[in-house]
Amino acid sequence: TNEWEQLANVPRAPMLGQRIAYDSESDRIIMFGGFDMTKYQLVNETWAYDYNTDTWTNMRPSGNPHGRNYHGMAYDPQADRIVVWGGDIQGPEKKGLVWAYDYNTNTWTTQEAPPNAPEQRNGLGMFYHPPSGRLIVHGGLIEETGDLVEGTTWAYDVGANVWEELAPSQSPGKRAYFP
């Protein structure tokens, strides 16, 4: 009908910088993190949206990543996990950790960053690339300095916990804060 339809609002204070990804195996939209605009703090909540019932559920898993916003987040169908990396992080979390959320068991797990991992950043773009079976990360801001990343592009293999810097012949250049 080429019309927008208002669906359920998240029963949460206004936030910014949270990320969502669609978990196709579970048929849920997963939302994580963000900055609570009423409390002025980063949050570490995991929410799931069910389109069929038009409801949001605060999943309340144990072992959450620390609060963050403007992180990378994508669904890896081979691993059947929502993957989170980077962001503006609150708390003493070790830099470079990759977090994976399993909706079916409602658990977060983490992997240590291998030595060749890219430098921690926020405002990055991240998506799953089906032909390669890897997550692709581009751009962002270096957390410590606030400098834009030099248009670097990285691939991450969740199962092998391996990062690889890619060298495309052309690049869109420095970018940050992807939608």
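Residues numbered from 1 in each chain as written. Predicted model: local features only at pLDDT ≥ 70, side-chain atom pairs only at ≥ 80, totals over all residues. Heavy atoms only, no water.

Caption draft 1: Inspection of the pairing of strand β6 (residues 46–50) at higher detail. Among the five residues of β6, five are classified as buried, and the element is accordingly described as predominantly covered. The side-chain alternation of β6 yields two buried faces, one formed by Thr46, Ala48 and Asp50 and the other by Trp47 and Tyr49. By the bridge criterion, four bridges tie strand β3 (residues 28–32) to β6 in an arrangement that is antiparallel. Across the sheet, the residue bridging to phenylalanine 32 is threonine 46, located in β6. Note: β6 against strand β7 (residues 55–58), four bridges, orientation antiparallel. Bridge pairing in β7 links tryptophan 47 to asparagine 58. (Buried < 20%, exposed > 50% of the residue type's maximum accessible area, 1.4 Å probe, protein only. Helix = DSSP H or I, 4+ residues; strand = E, 2+ residues; numbered from the N terminus. Pairing = 2+ DSSP bridges.)

Caption draft 2: Structural view of the pattern of salt bridges. Counting across every chain of the model gives seven salt bridges. For arginine 12, the salt bridge goes to glutamate 45, with nearest N and O atoms at 2.6 Å. Taken together, the positions of arginine 12 in the segment before β1 (15–16) and glutamate 45 in the loop between β5 (41–42) and β6 put the pair 33 residues apart, joining distant regions of the chain. Among the residues examined, arginine 12 registers a relative accessible area of 21% and is labelled partly exposed. Note that arginine 28 is salt-bridged to aspartate 50, the shortest N-O span being 3.3 Å. Residue arginine 28 is found in strand β3, and its partner aspartate 50 is found in strand β6; the two are separated by 22 residues along the sequence. The same class applies to arginine 28 as to aspartate 50, namely buried. (Salt bridge = Lys/Arg side-chain N within 4 Å of Asp/Glu carboxyl O.)

Caption draft 3: Inspection of the packing of aromatic side chains at higher detail. As enumerated under the stated definition, the model contains nine aromatic pairs in all. With centroids separated by 5.1 Å and ring planes inclined at 45°, the aromatic side chains of tyrosine 101 and tryptophan 108 adopt a geometry described as tilted. Tryptophan 108 shares its class with tyrosine 101; the two are buried. One aromatic cluster in this structure is built from Phe32, Trp99, Tyr101 and Trp108. (Phe/Tyr/Trp six-rings, centres within 6.5 Å; stacked < 30°, edge-to-face > 60°.)

Caption draft 4: The arrangement of the sheet that holds strand β15 (residues 125–129) in detail. With antiparallel pairing, the four strands of this open sheet are ordered in space as β15-β16-β18-β19. Two strands bound the open sheet, and with one partner strand each, they are β15 and β19 (162–166). Adjacent strand axes in the sheet meet at a mean angle of 25° when their direction is disregarded. In this structure, strand β16 (residues 134–138) lies alongside strand β18 (residues 153–157), joined through four bridges in antiparallel fashion. Residue pairing in the sheet places isoleucine 136 in a bridge with alanine 155 of β18. (Axes fitted to C-alpha atoms, helices over the stretch in contact; angles between N-to-C directions.)

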